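# Reading the structure
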Amino acid sequence: MENIRKVDSIVPDPEIIREAAEVIRRGGTVAFPTETVYGIGANALDDDACRGIFSVKGRQQDNPIIVHISDFDQLEYVTQGLPADLYEVFERVWPGPLSVVLEKKNLGVIPTAGLNTVAVRMPAHRIPLELIRKSGKPIAAPSANKSGSPSPVHASEVFEDLGTKVDLILDGGPAYFGVESTVIMFKGDEIVLLRPGAFSAEDVQRIFKKRVKVSGESPQTPVSPGMKYRHYAPEKDLILGRSEEKIIRACESGNVLFIGSSETAAKLNCESIILGSKNDLYEVARNLFPSFRKLDKSKYSTGVIEGFEEKGIGLAIMNRINKATSGREL
Ligand code: TXA
Ligand code: MG
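Predicted model, so just to flag it, every value in this text is computed and none were measured.

## A short note on the sheet that holds strand 3 (residues 39–43)
Spatially, 1-8-2-3-7-4-6-5-9-10-11 is the arrangement adopted by the eleven strands of the open sheet, whose pairing is mixed. Looking along the sheet, the strands with just one partner apiece sit at the ends: strand 1 (4–6) and strand 11 (211–214). The pairing of strand 9 (residues 182–187) with strand 10 (residues 190–195) spans five bridges and is antiparallel. Bridging from a neighbouring strand, K187 pairs with E190 of strand 10.

Dropping the structure here:
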(Lines give C-alpha, C1' and ligand atoms only; values in the text may rest on other atoms or scores of the structure.)
(Ligands and ions follow the chains in the order given, each with its own letter.)
Protein backbone atom coordinates (compact mmCIF):
# COMPACT_ATOMS: atom_id res chain seq x y z
CA MET A 1 0.00 0.00 0.00
CA GLU A 2 2.99 2.24 -0.59
CA ASN A 3 0.95 4.28 -3.09
CA ILE A 4 -1.41 5.66 -0.40
CA ARG A 5 -0.79 8.96 1.43
CA LYS A 6 -3.04 10.28 4.21
CA VAL A 7 -3.91 13.94 3.63
CA ASP A 8 -5.95 16.31 5.76
CA SER A 9 -9.00 17.36 3.73
CA ILE A 10 -9.25 20.82 5.31
CA VAL A 11 -5.57 21.80 5.36
CA PRO A 12 -3.80 19.47 2.91
CA ASP A 13 -0.08 18.99 3.57
CA PRO A 14 1.69 21.05 0.85
CA GLU A 15 4.51 18.49 0.63
CA ILE A 16 2.08 15.71 -0.34
CA ILE A 17 0.23 17.99 -2.76
CA ARG A 18 3.59 18.84 -4.35
CA GLU A 19 4.41 15.15 -4.74
CA ALA A 20 0.97 14.47 -6.29
CA ALA A 21 1.28 17.50 -8.60
CA GLU A 22 4.61 16.12 -9.79
CA VAL A 23 2.92 12.81 -10.68
CA ILE A 24 0.27 14.73 -12.67
CA ARG A 25 2.90 16.82 -14.47
CA ARG A 26 4.93 13.84 -15.53
CA GLY A 27 1.84 12.11 -16.98
CA GLY A 28 0.84 9.76 -14.16
CA THR A 29 -2.48 9.12 -12.39
CA VAL A 30 -3.52 10.30 -8.91
CA ALA A 31 -6.68 9.28 -7.04
CA PHE A 32 -8.19 11.87 -4.69
CA PRO A 33 -11.39 12.60 -2.78
CA THR A 34 -13.85 15.19 -4.04
CA GLU A 35 -17.06 16.38 -2.41
CA THR A 36 -18.94 13.72 -4.41
CA VAL A 37 -16.86 10.51 -4.77
CA TYR A 38 -13.18 9.66 -5.24
CA GLY A 39 -11.78 10.42 -8.69
CA ILE A 40 -8.76 9.14 -10.60
CA GLY A 41 -7.11 12.07 -12.33
CA ALA A 42 -4.52 12.84 -14.97
CA ASN A 43 -3.40 15.94 -16.87
CA ALA A 44 -6.38 16.72 -19.14
CA LEU A 45 -4.06 18.37 -21.68
CA ASP A 46 -1.99 15.20 -22.15
CA ASP A 47 -3.65 12.46 -24.23
CA ASP A 48 -1.14 9.82 -23.13
CA ALA A 49 -1.76 10.60 -19.47
CA CYS A 50 -5.53 10.33 -20.08
CA ARG A 51 -5.04 6.98 -21.81
CA GLY A 52 -3.59 5.83 -18.48
CA ILE A 53 -6.93 6.51 -16.78
CA PHE A 54 -8.82 4.35 -19.30
CA SER A 55 -6.40 1.47 -18.90
CA VAL A 56 -6.25 1.60 -15.07
CA LYS A 57 -10.08 1.61 -14.82
CA GLY A 58 -10.76 -0.70 -17.75
CA ARG A 59 -13.00 2.07 -19.08
CA GLN A 60 -14.61 2.04 -22.55
CA GLN A 61 -12.80 4.42 -24.91
CA ASP A 62 -16.04 6.09 -26.03
CA ASN A 63 -16.93 7.29 -22.52
CA PRO A 64 -15.67 10.86 -22.02
CA ILE A 65 -14.21 12.11 -18.76
CA ILE A 66 -15.14 15.16 -16.68
CA VAL A 67 -12.44 17.84 -16.65
CA HIS A 68 -11.86 19.42 -13.23
CA ILE A 69 -10.79 23.05 -13.00
CA SER A 70 -9.83 25.35 -10.14
CA ASP A 71 -10.70 28.73 -11.67
CA PHE A 72 -12.55 30.45 -14.50
CA ASP A 73 -9.34 31.04 -16.52
CA GLN A 74 -9.08 27.27 -16.92
CA LEU A 75 -12.74 27.18 -17.96
CA GLU A 76 -11.88 29.61 -20.75
CA TYR A 77 -8.86 27.54 -21.68
CA VAL A 78 -10.64 24.18 -22.07
CA THR A 79 -14.03 25.39 -23.36
CA GLN A 80 -15.49 27.98 -25.74
CA GLY A 81 -16.97 29.55 -22.60
CA LEU A 82 -20.36 29.74 -20.95
CA PRO A 83 -23.39 31.57 -22.36
CA ALA A 84 -22.62 35.19 -21.36
CA ASP A 85 -25.57 35.54 -18.99
CA LEU A 86 -24.52 32.50 -16.94
CA TYR A 87 -21.12 33.50 -15.55
CA GLU A 88 -22.75 35.11 -12.54
CA VAL A 89 -24.70 31.95 -11.76
CA PHE A 90 -21.64 29.73 -12.07
CA GLU A 91 -19.69 32.04 -9.76
CA ARG A 92 -22.33 31.14 -7.17
CA VAL A 93 -22.61 27.39 -7.79
CA TRP A 94 -18.89 26.66 -8.20
CA PRO A 95 -16.99 25.16 -6.55
CA GLY A 96 -19.73 22.55 -6.30
CA PRO A 97 -21.05 19.19 -7.49
CA LEU A 98 -22.39 20.46 -10.83
CA SER A 99 -20.78 19.53 -14.18
CA VAL A 100 -21.69 21.39 -17.35
CA VAL A 101 -21.22 20.22 -20.93
CA LEU A 102 -19.75 22.91 -23.20
CA GLU A 103 -17.98 23.15 -26.57
CA LYS A 104 -14.39 22.12 -25.99
CA LYS A 105 -11.10 23.91 -26.73
CA ASN A 106 -7.42 22.89 -26.38
CA LEU A 107 -8.34 19.32 -25.45
CA GLY A 108 -7.33 16.17 -27.27
CA VAL A 109 -9.55 13.31 -28.41
CA ILE A 110 -8.80 10.98 -25.48
CA PRO A 111 -10.40 12.71 -22.46
CA THR A 112 -13.40 13.80 -24.55
CA ALA A 113 -13.70 10.49 -26.43
CA GLY A 114 -13.59 12.38 -29.70
CA LEU A 115 -16.64 14.56 -28.97
CA ASN A 116 -16.49 18.29 -29.63
CA THR A 117 -17.89 18.93 -26.16
CA VAL A 118 -16.46 18.48 -22.67
CA ALA A 119 -18.05 18.19 -19.22
CA VAL A 120 -16.37 20.57 -16.78
CA ARG A 121 -16.64 21.12 -13.06
CA MET A 122 -14.92 22.92 -10.20
CA PRO A 123 -14.88 20.54 -7.23
CA ALA A 124 -15.73 21.84 -3.73
CA HIS A 125 -12.88 20.02 -2.04
CA ARG A 126 -9.52 21.39 -0.96
CA ILE A 127 -7.46 18.40 -2.11
CA PRO A 128 -8.36 18.45 -5.84
CA LEU A 129 -8.47 22.27 -5.88
CA GLU A 130 -4.90 22.49 -4.53
CA LEU A 131 -3.74 19.65 -6.74
CA ILE A 132 -5.06 21.43 -9.84
CA ARG A 133 -3.49 24.73 -8.72
CA LYS A 134 -0.15 23.17 -7.82
CA SER A 135 0.13 21.14 -11.02
CA GLY A 136 -1.10 24.08 -13.10
CA LYS A 137 -3.19 21.65 -15.19
CA PRO A 138 -6.90 20.98 -15.56
CA ILE A 139 -7.40 17.41 -14.35
CA ALA A 140 -9.51 14.86 -16.21
CA ALA A 141 -11.02 12.56 -13.59
CA PRO A 142 -13.71 9.89 -13.70
CA SER A 143 -14.77 8.10 -10.53
CA ALA A 144 -11.90 5.99 -9.18
CA ASN A 145 -13.60 2.60 -9.40
CA LYS A 146 -12.99 -0.33 -11.68
CA SER A 147 -15.30 0.29 -14.65
CA GLY A 148 -18.85 -0.88 -13.81
CA SER A 149 -18.30 -1.03 -10.04
CA PRO A 150 -19.83 1.29 -7.48
CA SER A 151 -18.02 4.64 -7.21
CA PRO A 152 -15.63 4.79 -4.25
CA VAL A 153 -16.50 6.91 -1.25
CA HIS A 154 -13.39 5.86 0.74
CA ALA A 155 -9.72 5.58 -0.24
CA SER A 156 -9.75 1.91 0.81
CA GLU A 157 -12.35 1.22 -1.91
CA VAL A 158 -10.10 2.87 -4.51
CA PHE A 159 -7.28 0.60 -3.43
CA GLU A 160 -9.61 -2.42 -3.45
CA ASP A 161 -10.50 -1.70 -7.13
CA LEU A 162 -7.33 -0.23 -8.61
CA GLY A 163 -4.55 -1.34 -6.24
CA THR A 164 -1.10 -0.19 -7.31
CA LYS A 165 -2.15 0.42 -10.94
CA VAL A 166 -2.81 4.02 -9.92
CA ASP A 167 0.43 5.87 -9.18
CA LEU A 168 -0.73 7.65 -6.03
CA ILE A 169 -3.88 7.58 -3.85
CA LEU A 170 -4.54 10.60 -1.63
CA ASP A 171 -6.55 9.40 1.35
CA GLY A 172 -8.44 12.46 2.55
CA GLY A 173 -11.15 10.57 4.40
CA PRO A 174 -14.65 9.90 3.06
CA ALA A 175 -16.03 11.87 0.11
CA TYR A 176 -18.86 14.11 1.34
CA PHE A 177 -21.98 13.33 -0.72
CA GLY A 178 -21.40 9.74 -1.83
CA VAL A 179 -23.04 10.20 -5.26
CA GLU A 180 -21.46 11.82 -8.31
CA SER A 181 -21.95 15.32 -9.62
CA THR A 182 -25.04 16.39 -11.53
CA VAL A 183 -24.33 16.71 -15.28
CA ILE A 184 -26.25 19.36 -17.23
CA MET A 185 -26.28 20.75 -20.73
CA PHE A 186 -27.91 23.89 -22.15
CA LYS A 187 -30.25 23.36 -25.07
CA GLY A 188 -32.05 26.41 -26.39
CA ASP A 189 -33.81 27.88 -23.41
CA GLU A 190 -33.84 24.64 -21.46
CA ILE A 191 -31.46 22.74 -19.25
CA VAL A 192 -31.12 19.05 -19.94
CA LEU A 193 -30.27 17.00 -16.86
CA LEU A 194 -27.96 14.32 -18.29
CA ARG A 195 -27.19 12.73 -14.94
CA PRO A 196 -28.95 13.47 -11.65
CA GLY A 197 -26.42 13.89 -8.87
CA ALA A 198 -25.44 15.62 -5.67
CA PHE A 199 -26.73 18.99 -6.89
CA SER A 200 -30.50 18.57 -6.84
CA ALA A 201 -32.70 19.13 -9.91
CA GLU A 202 -34.80 21.49 -7.79
CA ASP A 203 -31.69 23.59 -7.07
CA VAL A 204 -30.73 23.63 -10.76
CA GLN A 205 -34.22 24.91 -11.56
CA ARG A 206 -34.17 27.48 -8.75
CA ILE A 207 -30.70 28.83 -9.51
CA PHE A 208 -30.84 28.95 -13.31
CA LYS A 209 -34.53 29.86 -13.51
CA LYS A 210 -34.85 27.72 -16.62
CA ARG A 211 -36.96 24.68 -17.41
CA VAL A 212 -35.13 21.50 -16.44
CA LYS A 213 -35.72 18.47 -18.60
CA VAL A 214 -34.63 15.09 -17.26
CA SER A 215 -32.89 13.32 -20.12
CA GLY A 216 -35.01 10.34 -21.12
CA GLU A 217 -32.41 9.15 -23.56
CA SER A 218 -32.49 5.65 -24.95
CA PRO A 219 -29.43 3.49 -24.42
CA GLN A 220 -28.78 3.49 -28.19
CA THR A 221 -28.50 7.24 -28.54
CA PRO A 222 -26.84 8.49 -25.41
CA VAL A 223 -26.19 12.23 -25.10
CA SER A 224 -24.11 11.43 -22.03
CA PRO A 225 -22.21 8.38 -23.24
CA GLY A 226 -21.47 7.02 -19.76
CA MET A 227 -25.15 6.46 -19.02
CA LYS A 228 -25.47 3.56 -21.44
CA TYR A 229 -23.14 1.23 -19.54
CA ARG A 230 -24.10 -1.06 -16.69
CA HIS A 231 -23.03 0.96 -13.75
CA TYR A 232 -22.60 1.12 -10.03
CA ALA A 233 -23.61 -2.51 -9.68
CA PRO A 234 -22.63 -5.00 -7.01
CA GLU A 235 -21.55 -8.43 -8.27
CA LYS A 236 -24.31 -10.10 -6.24
CA ASP A 237 -27.98 -9.87 -7.25
CA LEU A 238 -29.66 -6.69 -6.19
CA ILE A 239 -33.45 -6.34 -6.40
CA LEU A 240 -35.64 -3.33 -5.67
CA GLY A 241 -38.39 -4.03 -3.13
CA ARG A 242 -41.35 -1.96 -4.34
CA SER A 243 -43.50 -2.38 -1.23
CA GLU A 244 -42.88 -3.00 2.45
CA GLU A 245 -45.12 -6.04 2.24
CA LYS A 246 -42.95 -7.62 -0.46
CA ILE A 247 -39.77 -6.81 1.43
CA ILE A 248 -41.17 -8.42 4.60
CA ARG A 249 -42.08 -11.54 2.64
CA ALA A 250 -38.65 -11.78 0.97
CA CYS A 251 -36.99 -11.38 4.34
CA GLU A 252 -38.98 -14.25 5.81
CA SER A 253 -37.24 -16.63 3.43
CA GLY A 254 -34.02 -15.90 5.35
CA ASN A 255 -31.97 -15.84 2.14
CA VAL A 256 -31.73 -12.14 1.44
CA LEU A 257 -29.88 -9.21 2.89
CA PHE A 258 -31.99 -6.07 3.31
CA ILE A 259 -30.51 -2.70 2.35
CA GLY A 260 -32.53 0.35 3.31
CA SER A 261 -33.75 2.79 5.91
CA SER A 262 -33.53 2.36 9.67
CA GLU A 263 -37.34 2.77 9.80
CA THR A 264 -38.01 -0.20 7.50
CA ALA A 265 -35.20 -2.32 8.99
CA ALA A 266 -36.85 -1.97 12.41
CA LYS A 267 -39.92 -3.80 11.06
CA LEU A 268 -37.98 -6.75 9.64
CA ASN A 269 -36.37 -9.74 11.18
CA CYS A 270 -33.61 -10.30 8.67
CA GLU A 271 -30.07 -9.09 8.51
CA SER A 272 -29.84 -5.50 7.23
CA ILE A 273 -27.46 -2.86 6.01
CA ILE A 274 -28.90 0.42 7.24
CA LEU A 275 -28.38 3.34 4.86
CA GLY A 276 -29.84 5.93 7.22
CA SER A 277 -33.16 7.49 8.05
CA LYS A 278 -35.76 8.12 5.36
CA ASN A 279 -35.72 11.68 6.71
CA ASP A 280 -32.05 12.19 5.88
CA LEU A 281 -31.45 11.28 2.25
CA TYR A 282 -27.94 12.80 2.41
CA GLU A 283 -27.03 10.10 4.92
CA VAL A 284 -28.63 7.47 2.66
CA ALA A 285 -26.59 8.77 -0.31
CA ARG A 286 -23.28 8.53 1.61
CA ASN A 287 -23.91 4.92 2.56
CA LEU A 288 -25.37 3.72 -0.75
CA PHE A 289 -22.28 2.72 -2.80
CA PRO A 290 -20.44 1.30 0.25
CA SER A 291 -23.54 -0.87 0.93
CA PHE A 292 -23.17 -2.47 -2.54
CA ARG A 293 -19.62 -3.42 -1.65
CA LYS A 294 -20.78 -4.79 1.74
CA LEU A 295 -23.38 -6.94 -0.04
CA ASP A 296 -20.63 -8.41 -2.21
CA LYS A 297 -18.58 -9.28 0.87
CA SER A 298 -21.55 -10.76 2.76
CA LYS A 299 -22.63 -14.42 2.82
CA TYR A 300 -25.83 -13.52 0.93
CA SER A 301 -26.21 -13.98 -2.80
CA THR A 302 -29.14 -11.56 -3.04
CA GLY A 303 -29.80 -8.11 -1.66
CA VAL A 304 -33.20 -6.44 -1.52
CA ILE A 305 -33.03 -2.68 -1.53
CA GLU A 306 -35.77 -0.26 -0.61
CA GLY A 307 -36.84 2.66 -2.81
CA PHE A 308 -36.64 6.30 -1.70
CA GLU A 309 -38.57 9.42 -2.55
CA GLU A 310 -37.23 11.02 -5.76
CA LYS A 311 -36.91 14.43 -4.15
CA GLY A 312 -33.69 16.42 -3.72
CA ILE A 313 -30.74 14.04 -3.70
CA GLY A 314 -33.32 11.21 -3.75
CA LEU A 315 -33.49 11.50 -7.56
CA ALA A 316 -29.78 10.62 -7.78
CA ILE A 317 -30.18 7.83 -5.21
CA MET A 318 -32.99 6.23 -7.23
CA ASN A 319 -31.07 6.66 -10.50
CA ARG A 320 -28.12 4.72 -9.02
CA ILE A 321 -30.41 2.08 -7.48
CA ASN A 322 -32.22 1.56 -10.80
CA LYS A 323 -28.91 1.10 -12.58
CA ALA A 324 -27.57 -1.24 -9.91
CA THR A 325 -30.71 -3.42 -10.03
CA SER A 326 -30.97 -3.19 -13.85
CA GLY A 327 -34.69 -2.65 -13.30
CA ARG A 328 -35.29 -5.89 -11.40
CA GLU A 329 -37.91 -5.59 -8.70
CA LEU A 330 -39.96 -7.65 -6.26
O1 TXA B 1 -18.75 13.60 -9.20
C2 TXA B 1 -18.24 13.34 -10.28
O3 TXA B 1 -18.65 13.83 -11.35
C4 TXA B 1 -17.03 12.40 -10.27
C5 TXA B 1 -15.89 13.11 -9.54
C6 TXA B 1 -14.60 12.34 -9.59
O7 TXA B 1 -15.73 14.39 -10.04
N8 TXA B 1 -16.68 12.02 -11.59
C9 TXA B 1 -17.46 11.17 -12.33
O10 TXA B 1 -16.94 10.89 -13.57
O11 TXA B 1 -18.48 10.69 -11.92
P12 TXA B 1 -17.47 9.68 -14.48
O13 TXA B 1 -16.53 9.60 -15.59
O14 TXA B 1 -17.61 8.48 -13.64
O15 TXA B 1 -18.83 10.19 -15.04
C16 TXA B 1 -18.85 11.21 -16.01
C17 TXA B 1 -20.18 11.31 -16.68
C18 TXA B 1 -20.41 10.14 -17.60
O19 TXA B 1 -21.76 9.75 -17.53
C20 TXA B 1 -20.05 10.73 -18.97
O21 TXA B 1 -20.66 10.09 -20.02
C22 TXA B 1 -20.54 12.17 -18.80
O23 TXA B 1 -20.22 12.49 -17.46
N24 TXA B 1 -19.84 13.06 -19.73
C25 TXA B 1 -18.53 13.38 -19.73
N26 TXA B 1 -18.25 14.19 -20.79
C27 TXA B 1 -19.40 14.39 -21.45
C28 TXA B 1 -19.78 15.12 -22.61
N29 TXA B 1 -18.89 15.79 -23.33
N30 TXA B 1 -21.06 15.10 -22.99
C31 TXA B 1 -21.98 14.42 -22.27
N32 TXA B 1 -21.69 13.71 -21.17
C33 TXA B 1 -20.42 13.68 -20.76
MG1 MG C 1 -18.10 6.66 -12.88
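## A short note on the pattern of salt bridges
Applying the stated criterion to the full structure yields 19 salt bridges. Taking the shortest distance from any N to any O, the salt bridge between R51 and D48 comes out at 2.4 Å. A residue pair is termed a helical-turn pair when its members lie 3 or 4 positions apart in one helix, as R51 and D48 do in helix 2 (residues 47–57) at three residues. In this structure R51 comes out as partly exposed when scored by relative accessible area, which is 41%. Between E329 and R242 there is a salt bridge, with its nearest N and O atoms 3.2 Å apart. You can see E329 sitting in the segment after helix 11 (314–325) and its partner R242 sitting in the loop between strand 12 (237–241) and helix 8 (244–252), a full 87 residues away along the chain. Its relative accessible area of 45% is what places E329 among the partly exposed residues.

## Side note on the pairing of strand 15 (residues 302–306)
Burial within strand 15 is extensive, with five of its five residues counted as buried. Of the two faces of strand 15, the one lined by T302, V304 and E306 and the one lined by G303 and I305 are each fully buried. As judged from the five bridges shared by strand 12 and strand 15, these two strands associate in the parallel manner. Of the residues in strand 15, the one forming a bridge with D237 is T302.

## Section: the sheet that holds strand 13 (residues 256–261)
If you walk across this open sheet you meet the four strands as 12-15-13-14, and the pairing is parallel. At either margin of the open sheet sits one strand with a lone partner, and together these are strand 12 and strand 14 (272–276). Strand-to-strand twist across the sheet, computed as the mean angle between neighbouring axes with direction ignored, equals 20 degrees. Where strand 13 and strand 14 come together, four bridges link them in parallel fashion. Paired with F258 across the two strands is S272, which belongs to strand 14. Sheet contacts for helix 10 (residues 281–297): strand 12, strand 13, strand 14 and strand 15; angle to strand 14, the most-contacted strand, approximately 155 degrees. Of the strands in this sheet, strand 12 and strand 15 touch helix 11, which is tilted by about 130 degrees from strand 12.

## Brief notes about helix 6 (residues 155–162)
Listed as buried for helix 6 are A155, E157, V158, D161 and L162. One side of helix 6 carries all its buried residues, which in axial view fall inside an arc of 155 degrees. In this structure, the buried side of helix 6 is in contact with strand 2 (30–32), strand 3, helix 2, strand 8 (168–171) and helix 10.

Here is what the cut-offs are and how they apply
Residues numbered from 1 in each chain as written. Chains lettered and ligands numbered in written order. Predicted model: local features only at pLDDT ≥ 70, side-chain atom pairs only at ≥ 80, totals over all residues. Heavy atoms only, no water. Pairing = 2+ DSSP bridges. Helix = DSSP H or I, 4+ residues; strand = E, 2+ residues; numbered from the N terminus. Salt bridge = Lys/Arg side-chain N within 4 Å of Asp/Glu carboxyl O. Buried < 20%, exposed > 50% of the residue type's maximum accessible area, 1.4 Å probe, protein only. Axes fitted to C-alpha atoms, helices over the stretch in contact; angles between N-to-C directions. Contact = heavy atoms within 4.5 Å. Arc of directions from axis to C-beta.

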